[in-house]
Amino acid sequence: MAVFGKTAVQLVQEVANMDGEGLPSFKEDVVKKVLDEVDEHHKALLNILSTVQDAGLEWNQMEANDANALMFFREYDKLLMEYQDPRTGVGIDLTLDMTPPKDHKIEVRVLADHGEIFSKDGPLILKRNTVHFLWREDAMPLIAE
């Protein structure tokens, strides 16, 4: 199954990055791919609904849980936004990569002297043109700078 909305997000990002140049040309093949993804997810949803009904659950039994689920997702969204906020959290958008990283450490090439930092592995001096393997969470704030 395709990642939910990935192609649609790419289309929206393309429009957002146009810098006031108007709209990009219509891409029929990409729009068709988005519609195919929507159709695929619709079929998956129907399959899930069928499974729930086959299990003997009625929708009125699930309505009581809907309020709890909605409250959970609202609270989750609030916590996620606080965590991602550069002023109150780590300043990293966790929703950018829809697939988890394969490695916890990433290779970082230092472009300018940064001085000493403290990582999970201890103190580290970042000098220009050096290469280091840093924990992803240690490297992301440096990359954002």
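Quick caveat, the model's predicted, so the values are computed rather than measured.

## Considering the environment of Ala112
Mapping Ala112 onto the fold places it in the loop between β1 (105–109) and β2 (115–119). On the accessibility criterion, Ala112 (47% relative accessible area) is partly exposed. Sequence separation of Ala112 and Lys127 is 15 residues, and the distance between their C-alpha atoms is 6.7 Å. For Ala112, the residues in contact, after removing those within four places along its chain, are Leu126 and Arg128.

## With respect to the pattern of salt bridges
Tallying each qualifying case throughout the model produces 5 salt bridges. Its salt-bridge partner being Asp85, residue Arg87 comes within 2.9 Å of it at the nearest N-O pair. Using a relative accessible area of 16% as the deciding quantity, one classes Asp85 as buried. Close ionic contact of Lys105 with Asp121 constitutes a salt bridge, the shortest N to O distance being 2.8 Å. Here the residue Lys105 occupies a position in strand β1, and Asp121 occupies one in the loop between β2 and β3 (122–126), the gap between them amounting to 16 residues. Residue Lys105 is classed as partly exposed on the basis of its relative accessible area of 33%.

## What about the confidence of the model for the protein chain?
With 81% of its residues at a pLDDT of 70 or more, the protein chain has an overall mean of 77. Within the protein chain, β3 carries the highest mean pLDDT (89), whereas helix α3 (residues 59–84) carries the lowest (72).

## Some points on the environment of Arg136
Within the element layout of this structure, Arg136 appears in helix α4 (residues 136–144). Under the relative-accessibility criterion, Arg136 is labelled partly exposed at 27%. The spatial distance from the C-alpha of Arg136 to the C-alpha of Ile106 is 5.9 Å, given a sequence separation of 30 residues.

## A closer look at the packing of aromatic side chains
Pairs of aromatic rings are described using the distance from one ring centre to the other and the angle between the two planes. All chains considered together, the criterion is met by 0 aromatic pairs. Note that Lys120 overlies the ring of Trp135, its terminal NZ or CZ placed 4.7 Å from the centroid.

Conventions used here
- Residues numbered from 1 in each chain as written.
- Predicted model: local features only at pLDDT ≥ 70, side-chain atom pairs only at ≥ 80, totals over all residues.
- Heavy atoms only, no water.
- Helix = DSSP H or I, 4+ residues; strand = E, 2+ residues; numbered from the N terminus.
- Buried < 20%, exposed > 50% of the residue type's maximum accessible area, 1.4 Å probe, protein only.
- Contact = heavy atoms within 4.5 Å.
- Salt bridge = Lys/Arg side-chain N within 4 Å of Asp/Glu carboxyl O.
- pLDDT = per-residue confidence, 0-100.
- Phe/Tyr/Trp six-rings, centres within 6.5 Å; stacked < 30°, edge-to-face > 60°.
- Lys NZ or Arg CZ within 6 Å of the ring centre and 35° of its normal.

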